[in-house]
Amino acid sequence: MTKSKVLIAEELSPATVEALGPDFEIVNCDGANRAELLAAITDVDAILVRSATQVDEEAFAAAKNLKVVARAGVGLDNVDVKAATQAGVMVVNAPTSNIVSAAELAVALLLASARNIVPANEALHKGEWKRSKYTGVEVADKVVGVVGLGRIGVLVAQRLSAFGVQLIAYDPYVQPARAAQLGVRMVTLDELLAESDFITVHLPKTPETIGLIGDAELHKTKPTVHIINAARGGIIDETALYQALVDGRVAGAGMDVYAKEPCTDSPLFTLENVVATPHLGASTDEAQEKAGISVARSVRLALAGELVPDAVNVQGGQLHEDLKPILPLAEKLGAIACSLAQAALVRVDVAVLGEISEHDVRVLELSALKGVFQTLVHDPVSYVNAPVLAEQRGVEVALTTDRTSEDHRNLVRVTLTLTDGSKISVGGTVTGARHTAKIVEVDGFDVDVPLSSHMGFLRYHDRTGVVGIVGNILGSAEVNIAGMQVSRDDSGHAMIVLTVDSEIPQDSLDSIVVEVGAHYGRAISV
């Protein structure tokens, strides 16, 4: 069996390769060398990068087999996520790998700024003893304003609380009650700017946050304020910050990130009251190892065709533990429903009933859609590009949920609406400690058939002798029947669902349809 090929385009920790395991062919290149990258990426299944490798539309065009891009870190400025989605390539990162390192650096920059550690250190290295010049300020009893109370912001708040500070925060997405549990008072941005002795920024870089703290905002602060940015460059207007420092409207700053990187010539670097580092937020041995191990595990999942919780361009949300056994069921239901369709597809409805409907079940819609399009298109279909394929083909997709499920603890039903106005529906569930997947309804017929790799479906006008005909023809073709169930409705129609040990030959299926006079017969391998 040919091993999947994984390209490591930047230096990663040895633990990353160890986490990948022996199942992959590992190749290396210098991702910052454009020509070398484009040559190396052509036949790989996955690429692992940090921040120096640009994985853009050109790279995706060159990568004929690529299934996953893994960024061993948090930021994705160097990965064109939109182009990846169009190409059906999963993009994963390690969103929690560096949060402790980033939080600790923010605290370090704050303390260094408060106590003038950098200029005092430089003076002493030059043989100058300047105790009085570099008098600093205590952090205790001061007001610290946290801009962005996400995972890193919370860690910073928790660490600074030990210094005896008053914590306030601005974050429109955090409820005051949640903040209160952390000992943080939520305020508006203007209130934070006016009240804070220290301001530390912990927001993602988005169109809404770029320039959030600019010239107007820096005219609202105390002249004694120290401002720290170890989040993303551009959130603080660097030109405005420089002028505020020169004018004495800001006492000091600690900067780890910049609007354009690498940055070596910022006017901020000329000021003694600015402590600056070259984007070191994730640069600890521990963070790099955690990031590498995290994305290596994601690559393994992605190349196995499984859902990756950290995939940034998959629309299904986080995968709750209760949904894991139902995920492959939804995909197979989608594939079976599409195989039974006798006209073009215009709409896919996914209904999720029962206890699991209390969770975020968008991933089941995504899985069903993946199963549908695996039957329709020749190109690879993934959790990433299944919604794109639906949109490109004008196929409507809808998800409904209902806590009530009359006959089963949980039920997933995939219904396809076709161009001729007809509908095909297939429903299934999982049962028992082993989570056995079953089909329990097909096109309105009640059945109870375990899912199998090879199955047959026959719809016909109910009459005697059909079971014998099916058995004889399949026996002649040496296809062993593992299970057969017949279901009838009140209108005189019947449905046979078969599980067999091997694929049903098309000519045998055609013979059954002719002899039975069936509406349709389908042999499906899922």
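See the structure printed just above.
Residues numbered from 1 in each chain as written. Predicted model: local features only at pLDDT ≥ 70, side-chain atom pairs only at ≥ 80, totals over all residues. Heavy atoms only, no water.

Chemist: I tried to follow the overall build of the chain on my own but got confused; where do I start?
Modeler: The secondary structure content of the chain amounts to 17 helices and 22 strands. Scaling as 2.2 N^0.38, a compact globule of 526 residues should have a C-alpha radius of gyration of about 24 Å, whereas the chain reaches 30 Å, well beyond that. Long-range contacts, defined here as pairs at least 24 residues apart, represent 64% of the contacts in the chain between residues at least 6 apart. Per element, the accessible surface of the chain, about 24,700 Å² overall, is 49% carbon and sulfur. (Helix = DSSP H or I, 4+ residues; strand = E, 2+ residues; numbered from the N terminus. Rg over C-alpha atoms; globule rule 2.2 N^0.38 Å. Contact = heavy atoms within 4.5 Å. Areas by Shrake-Rupley, 256 points an atom, 1.4 Å probe, with all protein chains shown as cover.)

Chemist: Looking at this structure, I do not really get the nonpolar core. What am I missing?
Modeler: Within soluble globular proteins, side chains that are nonpolar generally end up buried alongside one another. The biggest cluster of nonpolar side chains holds 76 residues, and the ones touching the most others in it are Leu364, Ile439 and Phe457. For this core, the element with the highest residue contribution is helix H13 (residues 327-340), accounting for eight residues. The residues touching Ile439, leaving out its near neighbours within four places in the chain, are Leu333, Ile336, Val426, Gly427, Gly428, Val447, Asp448, Val449, Leu451, Met455 and Phe457. By size, the runner-up hydrophobic cluster in this structure holds 29 residues, among which are Ile168, Leu189, Ala253 and Leu268. (Core = buried A, V, L, I, M, F, W, Y, C linked by side-chain atoms within 4.5 Å. Buried < 20%, exposed > 50% of the residue type's maximum accessible area, 1.4 Å probe, protein only.)

Chemist: Could you clarify how one ought to interpret helix H12 (residues 285-303) in this entry?
Modeler: The α-helix advances 3.6 residues per turn, and as a result positions three or four apart in sequence lie on the same side. End to end, H12 covers 27 Å across 19 residues, agreeing with the expected 27 Å (1.5 Å per residue, within 8%). Of the residues making up H12, those classed as buried are Ala287, Gln288, Ala291, Gly292, Ser294, Val295, Ala296, Ser298, Val299, Ala302 and Leu303. Positive phi appears at Gly305, one or two residues downstream of H12, with a value of about 80°. (Expected span 1.5 Å × (residues − 1).)

Chemist: Honestly, the environment of Val500 in this entry has me stumped. Any pointers?
Modeler: Position of Val500 among the secondary structure elements: in strand S21 (residues 493-500). Since its relative accessible area comes to 3%, Val500 is described here as buried. C-alpha of Val500 to C-alpha of Met455: the two residues are 45 residues apart in sequence and 5.9 Å apart in space.

Chemist: I'm lost on the sheet that holds strand S2 (residues 24-28) in this one. Help?
Modeler: Backbone hydrogen bonds are what pair the strands of a sheet, in a parallel or an antiparallel way. The parallel open sheet is built from five strands, whose spatial order is S2-S1-S3-S4-S5. Unpaired on one side and paired on the other, S2 and strand S5 (90-92) mark the two borders of the sheet. Strand-to-strand twist in this sheet, taken as the mean axis angle between neighbours without regard to direction, amounts to 20°. Pairing between strand S1 (residues 4-8) and strand S3 (residues 46-49): three bridges, direction parallel. Counterpart to Leu7 in the pairing with S3 is Ile47. (Pairing = 2+ DSSP bridges. Axes fitted to C-alpha atoms, helices over the stretch in contact; angles between N-to-C directions.)

Chemist: Is there a simple way to explain the layout of surface pockets in this structure?
Modeler: Space left empty within the atom packing is revealed by a probe, the size of a water molecule, rolled over the atoms. Here the largest pocket is characterised by a volume of approximately 1,300 Å³. Considering the residues around the largest pocket, the lining is formed by 47 residues, among which Val74, Gly75, Lys205, Ala231 and Arg232 are closest to the centre. Looking at the lining of the largest pocket, the elements that each hand over two or more residues are helix H5 (99-114) and helix H7 (151-161). Ranked by the residues each element gives to the lining of the largest pocket, the list is headed by H7, at three residues. (1 Å grid on protein atoms, 1.4 Å probe; cavity = no way out; pocket = protein on both sides within 12 Å on 5 of 7 lines; lining within 4 Å. Points joined across faces, edges and corners; volume = space filled by probe spheres on them.)

Chemist: Help me out: how do you make sense of the environment of Leu411 in this one?
Modeler: Within the secondary structure, Leu411 is located in strand S15 (residues 410-418). Sequence separation between Leu411 and Ala351 is 60 residues, and the spatial gap between their C-alpha atoms is 8.0 Å. If near-sequence neighbours (up to four positions away) are discounted, Leu411 is found in contact with Ala351, Val352, Leu353, Ser405, Gly427, Gly428, Val440 and Glu441.

Chemist: Where do I start with the packing of aromatic side chains in this structure?
Modeler: What characterises a pair of aromatic rings is the spacing of the ring centres plus the angle enclosed by the ring planes. With the rule as written, the count across this model stands at one aromatic pair. Ring plane angle 90° and centroid distance 5.5 Å describe the contact between Tyr258 and Phe269, whose orientation is recorded as edge-to-face. Within this pair, whereas Tyr258 is found in the loop between strand S11 (252-255) and strand S12 (274-276), its partner Phe269 is found in the loop between S11 and S12, the two being separated by eleven residues in sequence. Classification of Tyr258 by relative accessible area gives buried; the value is 5%. Over the face of the ring belonging to Tyr383 we find Lys370, whose NZ or CZ atom lies 4.9 Å from the ring centre. (Phe/Tyr/Trp six-rings, centres within 6.5 Å; stacked < 30°, edge-to-face > 60°. Lys NZ or Arg CZ within 6 Å of the ring centre and 35° of its normal.)

Chemist: What's the story with a negative patch on the surface in this structure? I'm lost.
Modeler: A contiguous patch of negative charge, built from Glu18, Glu104, Asp285, Glu286 and Glu289, is present on the exposed surface. Per-element tally for the negative patch: the top contributor is H12, with three residues. With respect to the helices and strands, the residue Glu286 is situated in helix H12. (Patch = residues over 30% accessible without salt bridge, like charges linked within 9 Å, V, L, I, M, F, W, Y side chains within 5 Å. Salt bridge = Lys/Arg side-chain N within 4 Å of Asp/Glu carboxyl O. Lys, Arg positive; Asp, Glu negative; His and termini not counted. Charge placed at Lys NZ, Arg CZ, Asp CG, Glu CD.)

Chemist: Mind showing me how you'd approach the side chain of Asn116 here?
Modeler: For Asn116, the location among the structural elements is in the loop between H5 and helix H6 (117-125). Of the residues examined, Asn116 reaches a relative accessible area of 18% and is grouped as buried. With residues up to four places along the chain from it excluded, the contact list for Asn116 reads Tyr134, Thr135 and Gly136.

Chemist: I tried to follow the pattern of salt bridges on my own but got confused; where do I start?
Modeler: In a structure, side chains of opposite charge can pair up when their charged atoms sit close to one another. In this structure the tally under the stated criterion is 22 salt bridges. Between Asp56 and Arg34 there is a salt bridge, with the nearest N and O atoms lying 2.5 Å from each other. Taken together, the positions of Asp56 in the loop between S3 and helix H3 (57-62) and Arg34 in helix H2 (residues 34-40) put the pair 22 residues apart, joining distant regions of the chain. Assessed through its relative accessible area of 25%, Asp56 is described here as partly exposed. Asp360 is paired through a salt bridge with Arg362; the nearest N and O atoms lie 2.7 Å apart. For Arg362, a relative accessible area of 41% gives the class partly exposed. Salt bridges sharing common partners tie together Arg34, Asp56 and Glu58.

Chemist: Please explain the pairing of strand S9 (residues 198-201) as it appears in this structure.
Modeler: Here S9 shows a buried face lined by Phe198 and Thr200 and a second buried face lined by Ile199 and Val201. Where strand S6 (residues 143-147) meets S9, four bridges bridge the pair, whose relative direction is parallel. When the sheet's bridge partners are listed, Gly145 is paired in S9 with Ile199. Pairing geometry for S9 and strand S10 (residues 226-229), over four bridges, is parallel. Within the sheet, the bridge partner assigned to Thr200 lies in S10 and is Ile228.

Chemist: What should I look at first to understand the sheet that holds strand S13 (residues 345-354) in this one?
Modeler: Pairing within the open sheet is mixed, and its six strands lie in the order S14-S13-S15-S16-S17-S18. Each of the sheet's edge strands pairs with one partner strand only, and the pair in question is strand S14 (396-402) and strand S18 (445-450). Taking each pair of neighbouring strands and ignoring which way they run, the sheet shows an average axis angle of 20°. Inspection of the sheet shows strand S16 (residues 423-431) paired to strand S17 (residues 436-442) by six bridges, in the antiparallel sense. Bridge pairing links Thr429 to Lys438 in S17. Each of S15, S16 and S17 is contacted by H13, which is oriented at about 155° to S16, the strand it contacts most. Here helix H14 (residues 362-376) sits on the sheet in contact with S13, S14 and S15, set at roughly 145° to S13.

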